[in-house]
Amino acid sequence: DLWVTSVDGKTTKRLTSHEASDYNPRWCLNGTIYFRSTRGGSAQVWNIDPNGGEATQVTKLKLGIGSMEIVPDLHSFLLTMQVYPGLGIQGTLDRDAEKKADPATGMVYDELMFRHWDTWEDGKRSHLFLLKGGSDEPVDLMPDLDADVPTFPWGGMEEVAVSPDGSEVVFTAKILPGSEPAWSTDYDLYAVKTDGSGEMRCITEANEAWDTEPVFTPDGKTLVWLAMDRPGFEADTFHLELMDWATGATRRLDVAFTTPQLDRPIDLSPHGLKFASDNRTAYFAAGCLGQRSIFKLDTRSGKVTRIHEMGRASGINLLSGRILFGLQHLHSPTELHTVSTSGSGLKQITDLNGEKLAGALMGEPEQFTFKGWNDETVFAYVVRPYDWTEEKAAAGQKWPVAFLVHGGPQGSFGNDFHYRWNPQAYVGAGFTTVAVDFHGSTGYGQDFTDSITGHWGDRPLEDLEKGLAAALEKYTWMDGSRVVAAGASYGGYMINWMHGQPFAR
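First, a word on scope: everything that follows refers to the structure included in this document.

About the criteria used
- Residues numbered from 1 in each chain as written.
- Predicted model: local features only at pLDDT ≥ 70, side-chain atom pairs only at ≥ 80, totals over all residues.
- Heavy atoms only, no water.
- Helix = DSSP H or I, 4+ residues; strand = E, 2+ residues; numbered from the N terminus.
- Rg over C-alpha atoms; globule rule 2.2 N^0.38 Å.
- Buried < 20%, exposed > 50% of the residue type's maximum accessible area, 1.4 Å probe, protein only.
- Contact = heavy atoms within 4.5 Å.
- Areas by Shrake-Rupley, 256 points an atom, 1.4 Å probe, with all protein chains shown as cover.
- Lys, Arg positive; Asp, Glu negative; His and termini not counted.
- Charge placed at Lys NZ, Arg CZ, Asp CG, Glu CD.
- Pairing = 2+ DSSP bridges.
- Expected span 1.5 Å × (residues − 1).

Right, let's talk about the overall build of the protein for a bit. The helix and strand tally for the protein stands at seven helices and 35 strands. Relative to the compact-globule value of 23 Å for 505 residues, the protein shows a C-alpha radius of gyration of 25 Å, a close match. When the backbone C-alpha atoms are referred to their principal axes, the protein occupies close to 75 × 60 × 55 Å. Buried positions account for 48% of the 505 residues belonging to the protein. Restricting the contact set of the protein to residue pairs at least 6 apart, pairs at least 24 apart contribute 50%. Within the structure as shown, the protein displays about 24400 Å² of accessible surface, and the carbon and sulfur contribution to it stands at 50%. The protein carries 44 positive and 68 negative side-chain charges, and their two centres are separated by 6 Å.

This is how it looks when you write it as structure tokens:
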């Protein structure tokens, strides 16, 4: 459902309560809200006045809408829908009807990908459409392309940007020869006219690695995007590319930050760039030492300042002198917060989960470090048992340990309210938890991430052994005779590896 809150947090109210899903809200310049809803059967655009009144349906397209943004200058919607390349909306409906009528349901796959995680390939692609207000005929901006926008399975509308004058759309896709979905990381940026005329052009053909998340500066003079250097490598650092939109000239900007905890700079991969009105100051979120912090970047000098450190930040928006963002951490799912652009005055403005959290058995998290492989500093998190007290610990009470191993392996078990592997779930069952960000984890610099390559079993295993030993030594109330290890994806690989190796602690 849709909710609305004042940015000072004093007023929060629910706008919709329909049994169908209402989501993807976007403000209109007239103060109303456009959103997607399945209340009509398929996902369509609806509109509601936050001051009161019933929602009204805006679109009645023959296909469900996958994503939606507003293009104010064109009085238009930018939409995505699943179509068969070259067939359009009606042709897609006809093809689906033919398939439904065909008694044979088998599929023949002669190339990868044949499946994206939990979704089988059926030949359809997510295409970008522009729908002008008052029209019921959306224009496919990529009609014949055998490519998905946004990219599957993780992409969203952060991969799409509209030029400030509304004349062109820039988007991320795998199209060039050699950009096979299952093998290549050669995502490129493409530009196309919003009226569907002219030829589509590739902006980043020279880079055979990953290019994504295009953003225009407010004055429309510069296109900024994220780029990796190494083809075929998914966990490379993203740097920034800045293109003069008029001339096409580009310059590179690497983003790094030196923390008090380490004596070396940490390579940052910026995400969710938001530019201030000066066209040079950008705010972004990036993984850093077990957090997803908010940073400020001066794109001229390259200076990086950390605005907010703790937790996992997302959805950055700029207010007058303040930053609005979502924040989750080991104590709470995402709630909206604001903080000043100087980093002071953090304020939580929603508390939609407070009542449920008050009834949950949760423990206090604590980060610690130890010397892991190659005698390098490794970070880890402990979450204390929900019933832990100093008195109980001093009296000799001990608690069993859930030793959690993250997947990826280029990932992190950091300060976030994980929706699949949440340490508090174990804590609520009477355990304490230990989670190590072993060599290969992200948020500690690219060299640290790269160190797992060719060393999937030895270096991370050494970190896990030393990390658990350090935790048991530091937190004497942990019961070293009752330890269970759990993990999925790479974590599952490591659990199997641990079963077949001596595990020293």
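Another point: the sheet that holds strand β6 (residues 56-57). The strand order β3-β4-β5-β6 describes an open sheet built from four strands, whose pairing is antiparallel. Looking at the sheet topology across the chains shown, the edges are occupied by β3 (22-27) and β6.

Read from one edge of the open sheet, four strands run β13-β14-β15-β16, paired in antiparallel fashion. The sheet is open, and its two borders are formed by β13 (160-162) and β16 (201-202), each paired with just one other strand. In this sheet, strand β15 (residues 188-193) lies alongside strand β14 (residues 168-173) in antiparallel orientation, the contact comprising six bridges. Residue pairing for β15: V170 is matched across the bridge by A191.

Quick look at helix α1 (residues 88-101) now. Here α1 is 14 residues long and its end C-alpha atoms lie 20 Å apart, about the 20 Å a rise of 1.5 Å per residue gives. Buried residues in α1 make contact with β8 (76-83) and β11 (125-132).

Honestly, it's all geometry; don't read function into it.
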